[in-house]
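Summary of the model geometry
In case you want the letters, here they are:
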Amino acid sequence: MAEISGKTLMPETFQGTRLDIAGQIGLVWELVKAPLIVPLLRVAVFICLTMSLMLFVERLYMGIVIILVKLFWKKPDKRYKWEPLMEDEESGNSNFPHVVVQIPMFNEKEVYKLSIGAACGLSWPADRLVIQVLDDSTDPAIKNLVEMECLRWAAKGLNIRYQIRENRVGYKAGALREGLKRSYVKHCEFVAIFDADFQPEPDYLKRAIPFLVHNPDIALVQGRWRFVNADECLMTRMQEMSLDYHFTVEQEVGSATHAFFGFNGTAGVWRIAAINEAGGWKDRTTVEDMDLAVRASLRGWKFVYLGDLQVKSELPSTFKAFRFQQHRWSCGPANLFRKMVMEIIRNKKVKFWKKVYVIYSFFLVRKIVAHMVTFFLYCVVLPLTILIPEVEIPIWGIVYIPSIITTLNAVGTPRSIHLLFYWILFENVMSFHRTKATIIGLLEAGRANEWVVTEKLGDTLKNKNNNKAGAKKFRFKIGDRINTMELGFAAFLFFCACYDFLYGKYYFYVYLFLQTITYFIVGIGYVGTIVPS
């Protein structure tokens, strides 16, 4: 049989048309590339390198200061007056101030017992303590469980109140605000806040409250988070690395140098008078905790961070929960910056350098630049320079500076230093979501005030693994696991990696192939703990 060629099967007119279209596209590309694409990409490279230098200087400054703090700074109990509160034989517990512990929760079926039990176990005179469970749950069965748990502890003699609202206006900020309006807490001087998965140690209040009692200019004492499920999966280890740097370096430096840092929303004790003076809880952004902290700081209040005052908590272990959390944590600060930057500039009560620290270091570099430079430089601009070789990124901007920044980030979690490379690749993927959320917050777009409560699993998976019935194979809905945007970026990076492998000269394809794999793994949902539907 005669060999049939492709030309025999394809009409010559169609071949000519196809070649003409390809030629026209190539001609248009050449006409547009030199006068438009190349200059725009060079501008993008310049902007990314500028942001990278800003982040480098910030990380270097933080690294130097934290070394000085550890070597030469006095401990918080030496910088401020601190004396233990003692019972008096004549006046009894009158030396102990009245404290309300607030536990906001929303459909927290898996963990509500943990926080309520820990709060009820706090070592503090019973007649000086009010525990307030602020339940915004929409599931009647869960509301009943939480209420029964409160009644169980009340029967033991504790002053615990179960509080619900008719609606969820203001979300967490609204619940905290309404809780402080109740008549039975009007006599309280301080409020401790713990999210539903947080478990303070019994001596938490006895270690934190003396800072507030003996130093009338202190508004907030913040404890450090410790994670009970950090070893659950690789994703939780990555989160631990990021958050340990935040607590070990960022919070410590802010507390030691400017007596300011962002309230973490939980595991902290506030002076109620400072909350009221700052204008109370506001729900204008998804970071009501940071909003209150900035407003209180602008009125001259000081904050103290205690790195050794640790509170157990849970990291989101499903990718869906983690992604929603990161959207809120990235969108909220950017939106708050948009709303408060002029208020900070015009403020007369704080020093000039503190305003510079809050605007430049706290907001601009950490909350905006850090997300954007990670995504745009490594996931967009670098791959595009491979396709457009007329534009190059200097080696110091793509290798040396990022290596130093990454090394400085790793100081918070020495035990995970061997996971550093995996952390870089995963953070690059998450920078896409953080950058998108940051832009939404700056522009105050549609999802700027989206609030999705972070799902907690508690001992759910442990119990299911111990259950023999759980040995059967679960089925998953494909739509619940596929992340199309990540798969799209995986395809883009794969194409750039192949092009660099064939025509490039800097071996960027090694990084690009690894980053492609990471995007692909996240894209098919094979990351974090997989929870059966």
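Bear in mind that the values here come from a model prediction, so they are computed numbers and not experimental data.

Conventions and cut-offs
- Residues numbered from 1 in each chain as written.
- Predicted model: local features only at pLDDT ≥ 70, side-chain atom pairs only at ≥ 80, totals over all residues.
- Heavy atoms only, no water.
- Helix = DSSP H or I, 4+ residues; strand = E, 2+ residues; numbered from the N terminus.
- Buried < 20%, exposed > 50% of the residue type's maximum accessible area, 1.4 Å probe, protein only.
- Areas by Shrake-Rupley, 256 points an atom, 1.4 Å probe, with all protein chains shown as cover.
- Core = buried A, V, L, I, M, F, W, Y, C linked by side-chain atoms within 4.5 Å.
- Contact = heavy atoms within 4.5 Å.
- Pairing = 2+ DSSP bridges.
- Axes fitted to C-alpha atoms, helices over the stretch in contact; angles between N-to-C directions.
- Expected span 1.5 Å × (residues − 1).
- Bend = angle between axes of the 7 residues up to and from the residue.
- Phe/Tyr/Trp six-rings, centres within 6.5 Å; stacked < 30°, edge-to-face > 60°.
- Lys NZ or Arg CZ within 6 Å of the ring centre and 35° of its normal.
- Right-handed = clockwise from strand over helix to strand, strands pointing away.
- Disulfide = S-S within 2.5 Å.
- Patch = residues over 30% accessible without salt bridge, like charges linked within 9 Å, V, L, I, M, F, W, Y side chains within 5 Å.
- Salt bridge = Lys/Arg side-chain N within 4 Å of Asp/Glu carboxyl O.
- Left-handed = near helix turned anticlockwise from the far one by under 90°.
- Nonpolar A, V, L, I, M, F, W, Y, C, P; charged D, E, K, R; others polar.

1. Side note on the overall build of the chain
Check the secondary structure of the chain and you find 18 helices and seven strands. On the principal axes, the C-alpha backbone points of the chain span a range of 110 × 60 × 40 Å. Per-residue burial over the chain gives 53% buried out of 533 residues. Per element, the accessible surface of the chain, about 25900 Å² overall, is 61% carbon and sulfur.

2. As for the nonpolar core
In this structure, Ile-116, Leu-205, Trp-270 and Phe-303 are the most contacted members of the largest nonpolar core, which totals 147 residues. If you tally residues by element for this core, the top one is helix H12 (residues 352-387), at 18 residues. Each residue touching Trp-270, except ones within four places of it in the same chain, is listed here: Glu-189, Phe-190, Val-191, Ile-193, Ala-219, Leu-220, Phe-263, Ile-275, Leu-292, Ala-293, Ala-296 and Phe-303. In this structure, Val-69, Tyr-245, Val-249 and Ala-256 belong to the second largest nonpolar core, which totals eight residues.

3. Observations concerning the sheet that holds strand S1 (residues 99-105)
Strand order in the open sheet formed by seven strands is S3-S2-S1-S4-S6-S5-S7, and the pairing between neighbours is mixed. Strands with a single pairing partner mark the edges of an open sheet, and in this sheet they are strand S3 (160-164) and strand S7 (302-313). On average, each strand axis in the sheet is inclined to that of its neighbour by 20°, with strand direction left out of account. Set on the sheet, helix H7 (residues 204-214) makes contact with S1, strand S2 (129-135), strand S4 (190-193), strand S5 (218-227), strand S6 (268-271) and S7; between it and S5 the angle comes to about 155°. Along the sheet, helix H8 (residues 234-257) makes contact with S5 and S7, crossing S5 at roughly 155°.

4. Brief notes about helix H11 (residues 319-346)
A rise of 1.5 Å per residue sets the reference length of H11, with its 28 residues, at 40 Å; its end C-alpha atoms lie 41 Å apart and thus fit the reference within 8%. The sharpest bend along H11 comes to roughly 50°, located at Met-340.

5. Comments concerning the packing of aromatic side chains
Each aromatic ring pair is specified by the distance between its two centres and by the angle formed by the two planes. Inspection of every chain in the model, using the stated rule, returns 28 aromatic pairs. Arranged with centres 5.6 Å apart and planes meeting at 20°, the rings of Phe-489 and Tyr-519 form a pair that is stacked. Note that Phe-489 is positioned in helix H17 (residues 484-503) and Tyr-519 in helix H18 (residues 509-523), a separation of 30 residues in sequence. A relative accessible area of 18% means that Phe-489 is categorised as buried. When the centroid spacing of 5.0 Å and the interplanar angle of 55° are considered together, the rings of Tyr-499 and Tyr-503 count as tilted. Of the two residues, Tyr-499 and Tyr-503 both sit in helix H17, four residues apart, roughly one turn of that helix. Tyr-499 sits in the partly exposed class, given a relative accessible area of 29%. Looking at Tyr-503, the relative accessible area reads 61%, which means it is exposed. Above the ring of Trp-153, the side-chain terminus of Lys-156 is found at 4.3 Å from the ring centroid. Over the ring of Phe-362 we find Lys-367; its NZ or CZ atom is 5.1 Å from the centre of that ring.

6. Some points on the pairing of S2
Taking burial as the measure, the seven residues of S2 include seven buried ones, the bulk of the element. What you see with S2 is no split at all: Leu-129, Ile-131, Val-133 and Asp-135 on one side and Val-130, Gln-132 and Leu-134 on the other are buried throughout. In this sheet, S2 lies alongside S1 in parallel orientation, the contact comprising seven bridges. Residue pairing for S2: Met-105 is matched across the bridge by Asp-135. In this view, the connection linking S1 to its parallel neighbour S2 by way of helix H4 (residues 112-120) has right-handed handedness. As defined by bridge partners, S2 adjoins S3 across five bridges and the pair is classed as parallel. In the sheet register, Asp-135 faces S3, and the bridge partner there is Ile-164. Viewed along the sheet, the connection from S2 through helix H5 (residues 140-154) into S3 turns out right-handed.

7. Topic: the environment of Val-38
Mapped onto the fold, Val-38 is located in helix H2 (residues 12-72). For Val-38, a relative accessible area of 7% gives the class buried. Between the alpha carbons of Val-38 and Pro-389 there is a distance of 9.3 Å; along the sequence they are 351 residues apart. Excluding its chain neighbours within four sequence positions, the residues that come into contact with Val-38 are Lys-33, Ile-388, Glu-390 and Val-391.

8. Examining the state of the cysteines
Using the criterion set out here, one finds zero disulfides in the structure. The structure places no disulfide on Cys-48, whose sulfur is separated from the nearest cysteine sulfur, that of Cys-379, by 11 Å. Accessibility expressed as a relative area gives 4% for Cys-48, which makes it buried.

9. Quick look at unusual backbone geometry
Despite not being glycine, Tyr-171 has its phi angle at roughly 55°, a positive value. Summarising the element assignment, Tyr-171 is placed in helix H6 (residues 171-180). One non-glycine residue, Ala-267, adopts positive backbone phi at about 60°. Take Ala-267: it is sitting in the loop between H8 and S6.

10. Some details on a nonpolar patch on the surface
Nonpolar side chains collect at one region of the surface, where Phe-421, Tyr-507, Val-510, Leu-514, Ile-517, Phe-520, Ile-521 and Tyr-526 lie side by side and expose about 830 Å² of accessible area between them. In terms of residues, the nonpolar patch owes the most to one element, H18, which gives five residues. When you line up the elements, Leu-514 lands in helix H18. Under the relative-accessibility criterion, Leu-514 is labelled partly exposed at 31%.

11. Some details on the packing of helix H14 (residues 420-443) against H18
Close contact between H14 and H18 brings their axes to 10 Å; oriented N to C, the two are set at 60°. When you trace H14 past H18, the crossing you get is right-handed. From H14, Phe-421, Leu-425, Phe-426, Asn-428, Val-429 and Phe-432 reach across to H18, where they touch Tyr-511, Leu-514, Gln-515, Thr-518, Tyr-519 and Val-522. Taken together, the residues that form the contact of H14 with H18 break down as nine nonpolar, three polar and no charged.

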